[in-house]
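Results of the structural survey
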Amino acid sequence: MTETERDAYIRKMEAEQREATARFQELEAQSDLVESQDELDLITGAKERSDDFQREVQALRHADQQDWHRVKTAAEKARTRFMDHLDRAGLEWKKLRAAYRRDREDELRILGARLDQWEASHQRTAAEDSLLTRQELEFMKRGLLDTRGLLQHLGHADGAAWKQARESYEAAWRDLRDRSRHIRADNPADTASPF
């Protein structure tokens, strides 16, 4: 292998190492989803494989002609192990995001059903006797629709964008839940709670 071919190969491996590290960092940005030791091991294992790959790529730079093929083979194996691990971790994170979204959908369905009950109760009760005013009810329904929209957006986001979408969703959900609790606290006849 000529010096030029060797340098081109090293640059290619360095580029692949940077790309794989960026993929790892996207997964790591979602580490707050980790709920079990196995999931934590995925992140730890990816970090170790990332470090191995980086070391092997650096070893390529310093390998002499005699060691070149051995070091090249080790770098390719490290790359393959890291990429395979990233693929497995990516699939696991996809499952975790989907489970998180399903849980949030369940919460929204429960609150939606509760709002339907409130609306039915409101329709049965005279406006002056109800502490849950029509305006409050409309505000809650708009909040529920907005929160559902944020959850839809969450379903299409990945990486750092997913984390930001999740934070927006959770803030909207907390506000909606707090308003719901406040309304229930003002209405002693309303004792059932979905939360």
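The structure we're discussing is the one just above.
Report follows, based on the coordinates. (Residues numbered from 1 in each chain as written. Predicted model: local features only at pLDDT ≥ 70, side-chain atom pairs only at ≥ 80, totals over all residues. Heavy atoms only, no water.)

Along the backbone of the chain there are five helices and zero strands. Each helix and strand of the chain, ordered N terminal to C terminal, gives the series α-α-α-α-α. In the chain, buried positions account for 35% of the 195 residues. About 11,700 Å² of surface is accessible on the chain, with carbon and sulfur atoms providing 48% of the total. (Helix = DSSP H or I, 4+ residues; strand = E, 2+ residues; numbered from the N terminus. Buried < 20%, exposed > 50% of the residue type's maximum accessible area, 1.4 Å probe, protein only. Areas by Shrake-Rupley, 256 points an atom, 1.4 Å probe, with all protein chains shown as cover.)

So, on to the nonpolar core. Ranked by internal contacts, the top residues of the largest apolar core, which has 22 residues, are Met13, Leu60 and Leu86. Looking at this core, the elements that each hand over two or more residues are helix H1 (3-28), helix H2 (37-62) and helix H3 (68-124). Core analysis: the next-biggest nonpolar cluster, separate from the first, contains 17 residues, Trp118, Met140, Leu176 and Ile183 among them. (Core = buried A, V, L, I, M, F, W, Y, C linked by side-chain atoms within 4.5 Å.)

By the definition in use, this model includes three aromatic pairs. Arranged with centres 5.8 Å apart and planes meeting at 70°, the rings of Tyr100 and Trp162 form a pair that is edge-to-face. In this pair, Tyr100 sits in helix H3 while Trp162 sits in helix H5 (residues 159-186), placing the two residues 62 residues apart along the sequence. By relative accessible area, Tyr100 is classed as buried at 9%. For Trp162, a relative accessible area of 2% corresponds to the buried category. Positioned above the aromatic ring of Tyr100, the side-chain terminus of Arg104 is 4.4 Å from the ring centre. (Phe/Tyr/Trp six-rings, centres within 6.5 Å; stacked < 30°, edge-to-face > 60°. Lys NZ or Arg CZ within 6 Å of the ring centre and 35° of its normal.)

Attention shifts here to H1. Taking 1.5 Å of rise per residue, the 26 residues of H1 would be expected to cover 38 Å, and the 37 Å separating its terminal C-alpha atoms lies within 8% of that figure. All of the buried residues along H1 are Arg6, Tyr9, Ile10, Met13, Glu14, Glu16, Gln17, Ala20, Thr21, Phe24 and Leu27. (Expected span 1.5 Å × (residues − 1).)

Take the pattern of salt bridges next. Taken as a whole and judged by the stated rule, the model has 16 salt bridges. For Arg61, the salt bridge goes to Glu14, with nearest N and O atoms at 3.1 Å. Of this pair, Arg61 sits in helix H2 while Glu14 sits in helix H1, and the two are 47 residues apart along the sequence. Taking relative accessible area as the criterion, Arg61 reaches 40% and is therefore assigned partly exposed. Here Asp178 ties to Arg181 by a salt bridge, and the two come within 3.8 Å at their closest N and O atoms. Of the two residues, Asp178 and Arg181 both sit in helix H5, three residues apart, roughly one turn of that helix. For Asp178, a relative accessible area of 43% corresponds to the partly exposed category. One salt-bridge network, held together by shared partners, links Lys12, Glu16 and Arg79. (Salt bridge = Lys/Arg side-chain N within 4 Å of Asp/Glu carboxyl O.)

Now for the packing of H1 against H3. Contact geometry of H1 with H3 gives a least axis separation of 10 Å together with a crossing angle of 20°. By the criterion of interaxial angle, the relationship of H1 to H3 is roughly parallel. Crossing geometry of H1 relative to H3 is assigned as left-handed. In contact with Arg6, Tyr9, Ile10, Lys12, Met13, Glu16, Ala20, Thr21, Arg23, Phe24 and Leu27 of H1, H3 contributes Trp68, Lys72, Ala75, Glu76, Arg79, Phe82, Met83, Leu86, Asp87, Ala89, Gly90 and Trp93. Per-class residue counts for the contact of H1 with H3 are 13 nonpolar, two polar and eight charged. (Axes fitted to C-alpha atoms, helices over the stretch in contact; angles between N-to-C directions. Parallel < 35°, antiparallel > 145°, perpendicular 65-115°, else oblique. Left-handed = near helix turned anticlockwise from the far one by under 90°. Contact = heavy atoms within 4.5 Å. Nonpolar A, V, L, I, M, F, W, Y, C, P; charged D, E, K, R; others polar.)

For Glu14, a relative accessible area of 16% puts it in the buried group. Aside from chain neighbours lying at most four places away, what touches Glu14 is Val57, Gln58 and Arg61.

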